[in-house]
Amino acid sequence: MRIRELIITPVAFPDPPLLNSSGVHEPLALRTVLRLVLDDDAIVGLGESSGDVRHLDLLRLVAPRLVGHDVFATTALRTVVDAAVNDALPAPTARERTAVHSAIEVACLDAQGRLTGRPVYDLLGGAVRTTIPYSAYLFYKWADHPDGAYDGTPDPWGEALDADGMVTQARRMIDEYGFGSLKLKGGVFPPDVEIATARALRAAFPDHPVRLDPNGAWTVPTAKRVAAELEGVLEYLEDPVPGVDGMAEVAAGTDLPLATNMCVVAFDQVPRAVRLDAVQVILSDHHYWGGLRQTVALGTLCDTFGIGLSMHSNSHLGISLAAMTHAAAATPELTYACDTHYPWNGAYDVVRPGVLNFVDGALEVPTGPGLGVELDLDALERRHEDYVRSGRRVRDDTGYLRRVRPDYDPTLPRW
Ligand SMILES: O=C([O-])C(=O)C[C@H](O)[C@@H](O)C(=O)[O-]
Ligand SMILES: [Mg+2]
């Protein structure tokens, strides 16, 4: 079965003012929705990937080159993608290429599943679990955007700028979604504030493992001190410092597992991290590790070296969530609850409701053909109109924070 067309639709959807080490989320988050149309027009494979304009430009170079290729030939298609993106200026990085491989692979797998009547997890080797636990992704946040939300809807989550605010946010996440573990985004306040927040979460929810991720905001000495204080409090500490050498220094002095989605983000970075014993947990992310099959392969690799496997997320909608869920279902080594931003953005999804419902903090793996989710074309059109109208083309957390704090310096490490 051959590919007739790849339809690429950039979308924008409201996002709350969530703080991180580079700044604060803007009122709209961006994504790209892919529709891979096959010969007979009846089968359309879905994909979702980054909305930044550079990724979009690469996808647009690739789209015409896919026409006529076999939708089952996902490995061979990587060569087609590489040849197509060679025309890009500046030349794409390995990471940019891999992100395009990932996006195309997911759309192909969805189409293959729809053609064969099998869920994507079956195409990955079968499901080893039927429900996938996710963690509550907690953010320090403002009560509202300075000029209000994009669609004028009042922010239902309220402010969270200290330990009490974060406990309130966590309680609400747990009440609404049933999450059984907590991920705290740090790198926003001085480390002692974030230590106090992590401790408050642990005390308020003693049965919920807590992980803390300051996105490389600390120096090695600071990270060593924080790690010593949070041993026994955290499940793992994610990217306390930038770079694999610093991670190795911190890891050498603590029993707390260190996790990363920043310093090991591709297969060729694994050997050095292993040699240095720099990380104990790698966060997979099919959007930049090369797709769903590469996520399964990463599980095998992590197992070989005794490294744990978790899953990273970024602001996303339901096609990505479905793909993440299938990958987790088919990856035995993925034993940590996965991250997801979905509670922050899911109300603006482009897939029809009914499939992606959290029960006890977990998603049932969709069993329908392909990814098991259906596109809501009206919602897609609305989100695309928002994209066009907004004029937004890249994510700029730093630039947005500087509107409020003009002297804000995002240089890391900060403390
Ligand atoms: O685990 C992580 O590093 C992330 O989830 C990165 C994201 O960009 C997060 O910091 C965010 O959404 O602000
Ligand atoms: Mg992280």
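Residues numbered from 1 in each chain as written. Chains lettered and ligands numbered in written order. Predicted model: local features only at pLDDT ≥ 70, side-chain atom pairs only at ≥ 80, totals over all residues. Heavy atoms only, no water.

Per an unreviewed UniProt entry, the chain goes by the name glucarate dehydratase and belongs to Actinopolymorpha cephalotaxi. Regarding the chain, the relevant UniProt record gives this comment under Catalytic activity (unreviewed entry): "D-glucarate = 5-dehydro-4-deoxy-D-glucarate + H2O". For the record of the chain, the UniProt heading Pathway (unreviewed entry) holds the text "Carbohydrate acid metabolism; D-glucarate degradation; 2,5-dioxopentanoate from D-glucarate: step 1/2." (UniProt positions renumbered as here; feature names shortened; annotations may be inferred.)

Q: Talk me through the UniProt feature "domain: Mandelate racemase/muconate lactonizing enzyme C-terminal" (unreviewed entry) in the chain; I want residue IDs and the actual numbers.
A: UniProt feature "domain: Mandelate racemase/muconate lactonizing enzyme C-terminal" (unreviewed entry): in the numbering of this structure it lies at residues 163–257. When the span residues 163–257 is considered, its composition is 52% helix and 12% strand, and the gap between its end C-alpha atoms is 23 Å. (Helix = DSSP H or I, 4+ residues; strand = E, 2+ residues; numbered from the N terminus.)

Q: Which residues make up the site of ligand 1, and what are the values?
A: Among the 15 residues in the neighbourhood of ligand 1, the closest are listed as Asn 20, His 25, Tyr 137, Lys 183 and His 341. Residue His 25 places a side-chain N or O atom 2.7 Å away from an oxygen atom belonging to ligand 1. One nitrogen or oxygen atom from the side chain of Asn 261 is found 3.1 Å from an oxygen atom belonging to ligand 1. Protein chains bury 94% of the 330 Å² of accessible surface belonging to ligand 1 in isolation. Mapped by element, the contributors of at least two residues to the shell around ligand 1 are β7 (136–139) and β8 (182–185). Grouping the constituent residues of the shell around ligand 1 by class yields two nonpolar, eight polar and five charged. (Near = heavy atom within 4 Å. Polar contact = N/O pair within 3.5 Å; in protein donor to acceptor, adjacent residues only side chain to side chain. Areas by Shrake-Rupley, 256 points an atom, 1.4 Å probe, with all protein chains shown as cover. Nonpolar A, V, L, I, M, F, W, Y, C, P; charged D, E, K, R; others polar.)

Q: Just give me the short version of the pattern of salt bridges, but keep the residues and values in it.
A: Across all of its chains, the model carries 26 salt bridges by this definition. Close ionic contact of Asp 386 with Arg 389 constitutes a salt bridge, the shortest N to O distance being 3.3 Å. In this pair, Asp 386 and Arg 389 both sit in helix α14 (residues 377–390), three residues apart, roughly one turn of the helix. Residue class for Asp 386 comes out buried when judged on its relative accessible area of 9%. (Salt bridge = Lys/Arg side-chain N within 4 Å of Asp/Glu carboxyl O. Buried < 20%, exposed > 50% of the residue type's maximum accessible area, 1.4 Å probe, protein only.)

Q: Tell me about the sheet that holds strand β9 (residues 210–213), and name the residues and values.
A: The seven strands are arranged β7-β8-β9-β10-β11-β12-β13 in an open sheet whose pairing can be described as parallel. Each having just a single partner strand, β7 and β13 (308–311) make up the two edges of the open sheet. Between one strand and the next, the sheet's axes are offset by a mean angle of 25 degrees, whatever the strand orientation. (Pairing = 2+ DSSP bridges. Axes fitted to C-alpha atoms, helices over the stretch in contact; angles between N-to-C directions.)

Q: Any details on helix α2 (residues 74–85)? Residues and values, ideally.
A: Between its first and last C-alpha atoms α2 spans 16 Å; for 12 residues at 1.5 Å apiece the expected length is 16 Å, and the two agree. The complete set of buried residues in α2 reads Thr 74, Leu 77, Val 80, Val 81, Ala 84 and Val 85. Within α2, the buried residues cover an arc of 120 degrees as seen down the axis, which keeps them to one side. Residues of α2 that are exposed and point more than 90 degrees away from the buried face comprise Thr 75 and Thr 79. (Expected span 1.5 Å × (residues − 1). Arc of directions from axis to C-beta.)

Q: Account for the pairing of strand β5 (residues 44–50), with residues named and values stated.
A: With five of seven residues buried, β5 lies mostly within the body of the structure. Summarising the sheet, strand β4 (residues 28–38) and β5 pair through seven bridges and their orientation is antiparallel. Within the sheet, the bridge partner assigned to Arg 31 lies in β5 and is Ser 50. Counted along the chain from β4 to the antiparallel partner β5, the turn is five residues long, and its residue Asp 41 has a positive phi close to 75 degrees.

Q: Which residues make up the domain arrangement of the chain, and what values do they have?
A: Taken domain by domain, the chain holds domain 1 (3–122 + 377–388) and domain 2 (125–364). Tallying the contact residues gives 41 residues for domain 1 and 46 residues for domain 2. Between the two partners, domain 1 and domain 2, sit zero salt bridges. Viewed at the interface, domain 2 and domain 1 are joined by 23 residue pairs in polar contact (both at pLDDT 80 or more). When residues of the side of domain 1 that touches domain 2 are traced back to their parent elements, those giving at least two are β1 (3–14), β2 (19–20), β4, β5, α2, α3 (94–116), α4 (120–123) and α14. Of the residues in the side of domain 1 that touches domain 2, the class split is 21 nonpolar, 10 polar and 10 charged. (Domains from an automatic or database assignment. Contact = heavy atoms within 4.5 Å.)

Q: Describe the coordination of the magnesium ion (ligand 2), and please don't skip the residues or the numbers.
A: Of the protein atoms, only Asp 213 (OD), Glu 238 (OE) and Asn 261 (OD1) coordinate the magnesium ion (ligand 2), at distances of 1.9 to 2.2 Å. Written as a sequence motif, the donor arrangement for the magnesium ion (ligand 2) is D-x24-E-x22-N. In this pair, Asp 213 sits in strand β9 while Asn 261 sits in the loop between β11 (258–260) and α9 (270–276), placing the two residues 48 residues apart along the sequence. An identical accessibility class is assigned to Asp 213 and Asn 261; each is buried. (Donors = N, O, S within 2.8 Å, 3.2 Å for Na, K, Ca; no water.)

Q: Go over the packing of aromatic side chains, please, and point to the residues and values.
A: Counting across every chain of the model gives 11 aromatic pairs. Taking the centre distance of 4.8 Å and the plane angle of 50 degrees together, the rings of Trp 157 and Trp 344 count as tilted. Within this pair, whereas Trp 157 is found in the loop between β7 and α5 (163–177), its partner Trp 344 is found in helix α13 (residues 342–345), the two being separated by 187 residues in sequence. Summarising the aromatic geometry, the rings of Tyr 236 and Tyr 336 are spaced 5.1 Å apart at their centres and angled 80 degrees between planes, so their arrangement reads as edge-to-face. Remark: Tyr 336 occurs in the loop between α12 (318–329) and α13 and Tyr 236 occurs in strand β10 (residues 236–238); sequence separation between them is 100 residues. The structure contains a cluster of three or more aromatic residues connected by ring pairs, namely Tyr 134, Tyr 177, Phe 179, Tyr 342 and Phe 358. The cationic tip of Arg 95 hangs over the ring face of Tyr 288; the distance from NZ or CZ to the ring centre is 4.3 Å. (Phe/Tyr/Trp six-rings, centres within 6.5 Å; stacked < 30°, edge-to-face > 60°. Lys NZ or Arg CZ within 6 Å of the ring centre and 35° of its normal.)

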